[in-house]
Amino acid sequence: MSEIRFDDRVVVVTGAGGGLGRAYALAFAARGAKVIVNDLGGDIRGEGENVSAADRVVGQIRDLGGEAVSNHDSVENGERIIDAALTNFGRVDIVVNNAGILRDASFRKMTVEDWERVYRVHLFGAFKVTHAAWPHMLDQRFGRIVNTASAAGAYGNFGQANYSAMKLGLVGFTKTLAVEGAGKNVTANVIAPVAASRLLETILTPERMAILKPEYVTPLVLRLCAEHNEESGSLFEVAAGWMAKVRWERAEGISLPTNPVFTVEDVDAGWEKICDFSVSDHPASIRDRSAAVTAKLVEAGLLP
């Protein structure tokens, strides 16, 4: 088994002052990468600033003989983060969008600010950082992007309407980047990790936190950023050394007549079949959806 290295590659990790981001930054540096350690240093709700978190990680990397530079910009100013990579190291090869905050509240009690702040850090922030790096990756015909989703985005979670919406939004964002990066050796994937971090301190027991080490997520992230990686547009769940790719599943469904036009009663009558997954497929692209719909319309005699 050959060692996966990142020599001469420049990696940007957002939210790298602690938790998962710190683990990623240290691991990339240990394998030869030059790392931009980004962290605004705000609290769990996205308030305040503290440069010490990112600076400490940079110090650790340098003490171990690696190369790293800290950056304290908000991901909302993603172009500044990428400029730090270009100014200090001359290029950008890998972006790990890891920065995140929580503003949990039941939807009834959620404020506009709760929604907006989570949007601006998770979804808008990932857009800003990636958008600044994207042309450089296309031009050099190499790029690796890893975004951070959540099981809350895939399945929903009480009190996290804002967080869930942004996390699933990142899945669609990632899948489109994968389509646009295809053929240019630019891949984009998204992970839904569970790991000990300040975001989970109030939820998990100390025993569970000890099991869910960030270092158990790191190898998957590094694999998705490897030179030989061809995986793109995929979602992975990962926790405590377990990891699995997640895909959509679609029931066979029904095709209703349009002449005469079908009614809500027809939909109601076919409801069991619409929701029956005993016969299903796994669409992987928008082309799969279009092909399936066209086939059903032909089968129903609605298209030649």
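Residues numbered from 1 in each chain as written. Predicted model: local features only at pLDDT ≥ 70, side-chain atom pairs only at ≥ 80, totals over all residues. Heavy atoms only, no water.

1. Overview of the packing of helix H4 (residues 112-140) against helix H6 (residues 161-181)
In contact at an axis separation of 8 Å, H4 and H6 are set at 15° when each is read in the N-to-C sense. Between H4 and H6, the interaxial angle falls into the category roughly parallel. Note on packing geometry: the crossing formed by H4 with H6 is right-handed. When H4 is examined against H6, the residues Asp114, Trp115, Val118, Tyr119, His122, Leu123, Ala126, Phe127, Thr130 and Trp134 are found in contact with a partner set consisting of Ala161, Asn162, Tyr163, Ala165, Met166, Lys167, Gly169, Leu170, Phe173, Leu177, Glu180 and Gly181. For the contact of H4 with H6, the per-class residue count stands at 14 nonpolar, five polar and three charged. (Axes fitted to C-alpha atoms, helices over the stretch in contact; angles between N-to-C directions. Helix = DSSP H or I, 4+ residues; strand = E, 2+ residues; numbered from the N terminus. Parallel < 35°, antiparallel > 145°, perpendicular 65-115°, else oblique. Left-handed = near helix turned anticlockwise from the far one by under 90°. Contact = heavy atoms within 4.5 Å. Nonpolar A, V, L, I, M, F, W, Y, C, P; charged D, E, K, R; others polar.)

2. Observations regarding the pattern of salt bridges
Summed over all chains, the structure comprises 16 salt bridges. With its nearest N and O atoms 2.6 Å apart, the salt bridge here joins arginine 9 to glutamate 227. Of this pair, arginine 9 sits in the segment before strand S1 (10-13) while glutamate 227 sits in the loop between helix H8 (218-224) and strand S7 (235-239), and the two are 218 residues apart along the sequence. Residue classification places glutamate 227 among the partly exposed positions, given a relative accessible area of 41%. If you follow the salt bridges from partner to partner, you end up with Arg9, Arg91, Asp93 and Glu227 in one network. (Salt bridge = Lys/Arg side-chain N within 4 Å of Asp/Glu carboxyl O. Buried < 20%, exposed > 50% of the residue type's maximum accessible area, 1.4 Å probe, protein only.)

Take it as geometry only, folks, not as evidence of what the structure does.
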